[in-house]
Amino acid sequence: FPVTIGYPWIAKKKANETSYWGIFYLSLLLTIAICGGILILYFVAPLIAIQSLFGSNYFAGSSILFIFGLSMSLLTLSMFLINFFLSIGRTWVVVLPSLAAIAQIIGINIWHDNLTTVINVSLFVFGALLIALLCCLLFKGVSVQLKNE
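What counts as what
- Residues numbered from 1 in each chain as written.
- Predicted model: local features only at pLDDT ≥ 70, side-chain atom pairs only at ≥ 80, totals over all residues.
- Heavy atoms only, no water.
- Phe/Tyr/Trp six-rings, centres within 6.5 Å; stacked < 30°, edge-to-face > 60°.
- Helix = DSSP H or I, 4+ residues; strand = E, 2+ residues; numbered from the N terminus.
- Buried < 20%, exposed > 50% of the residue type's maximum accessible area, 1.4 Å probe, protein only.
- Expected span 1.5 Å × (residues − 1).
- Arc of directions from axis to C-beta.
- Axes fitted to C-alpha atoms, helices over the stretch in contact; angles between N-to-C directions.
- Parallel < 35°, antiparallel > 145°, perpendicular 65-115°, else oblique.
- Contact = heavy atoms within 4.5 Å.
- Nonpolar A, V, L, I, M, F, W, Y, C, P; charged D, E, K, R; others polar.

Draft legend 1. Expanded view of the packing of aromatic side chains. Enumeration over the complete set of coordinates arrives at 12 aromatic pairs. Judged by centre distance (5.9 Å) and plane angle (35°), the rings of W21 and Y25 are tilted. Taken as a pair, W21 and Y25 lie in helix α2 (residues 21–44) at a separation of four residues, close to a single helical turn. A residue is classified by how much of its surface remains accessible, and Y25, at 45% relative accessible area, is partly exposed. Measuring from centroid to centroid gives 5.7 Å for F84 and F85, while their planes differ by 55°, and the two rings are tilted. Here the aromatic residues Y20, W21, F24, Y25, F80, F84, F85 and W92 are joined through ring pairs into a cluster of three or more.

Draft legend 2. Representation of helix α5 (residues 95–110) within the structure. Along its 16 residues, α5 runs 23 Å from first to last C-alpha, staying within 8% of the 22 Å computed at 1.5 Å per residue. Taken residue by residue, α5 has L96, A100 and G107 as its buried positions. One side of α5 carries all its buried residues, which in axial view fall inside an arc of 35°. Opposite the buried face of α5, by more than 90 degrees, sit the exposed residues I105 and N109.

Draft legend 3. Spotlight on unusual backbone geometry. The phi torsion at E17 lies on the positive side, around 55°, for a residue other than glycine. With respect to the secondary-structure elements, E17 resides in the loop between α1 (2–15) and α2.

Draft legend 4. A look at the environment of L53. Relative to the assigned elements, L53 resides in helix α3 (residues 46–53). The exposed category is assigned to L53, whose relative accessible area is 52%. Remark: the alpha-carbon pair of L53 and G6, spanning 47 residues in sequence, is separated by 27 Å.

Draft legend 5. Representation of the side chain of T31 within the structure. By the element assignment, T31 lies in helix α2. Overall, the relative accessible area of 2% leaves T31 in the buried class.

Draft legend 6. Highlighting the environment of L138. Along the chain, L138 turns up in helix α6 (residues 115–148). The spatial distance from the C-alpha of L138 to the C-alpha of K14 is 18 Å, given a sequence separation of 124 residues.

Draft legend 7. Broad picture of the packing of α2 against helix α4 (residues 65–87). Contact geometry for α2 and α4: axes closest at 9 Å, N-to-C directions at 170°. Regarding the angle of α2 to α4, the classification is roughly antiparallel. Of the residues in α4, those in contact with W21, F24, S27, L28, T31, I32, C35, L39, Y42 and F43 of α2 are L65, F66, G69, L70, S73, T76, L77, F80, L81 and F84. Classifying every residue of the contact of α2 with α4 gives 15 nonpolar, five polar and no charged.

What follows is the structure in structure tokens.
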């Protein structure tokens, strides 16, 4: 939700040449809170989560639900940052998820023994993507912030 809602607000503030960092931080905090809440549920009560989403036929998946949720949280945070960069006109960022998708395809083609291994490949790729995006934010975001304020 905050991943897509912040985009038009930040783009409008960028167009008006006003600071968009408040919306960025609030949206980031909300995204982290939602991901964290879901991860806590997946860790503490995986059977309840599976029962409510898929039914009791899928209880066998409870052992990998948390790690799956962690990989999806990393992807969510990555998508948040990608949308942020796009909203301020930094379209070059599309290269990173494209490279991550290629890495994920190659990784899953090599390591696909079981579902846990596939999730671990995704976890690694999404983690690397998030780290790359955070580096871009830290190193390129400083000049963006100075110009914006």
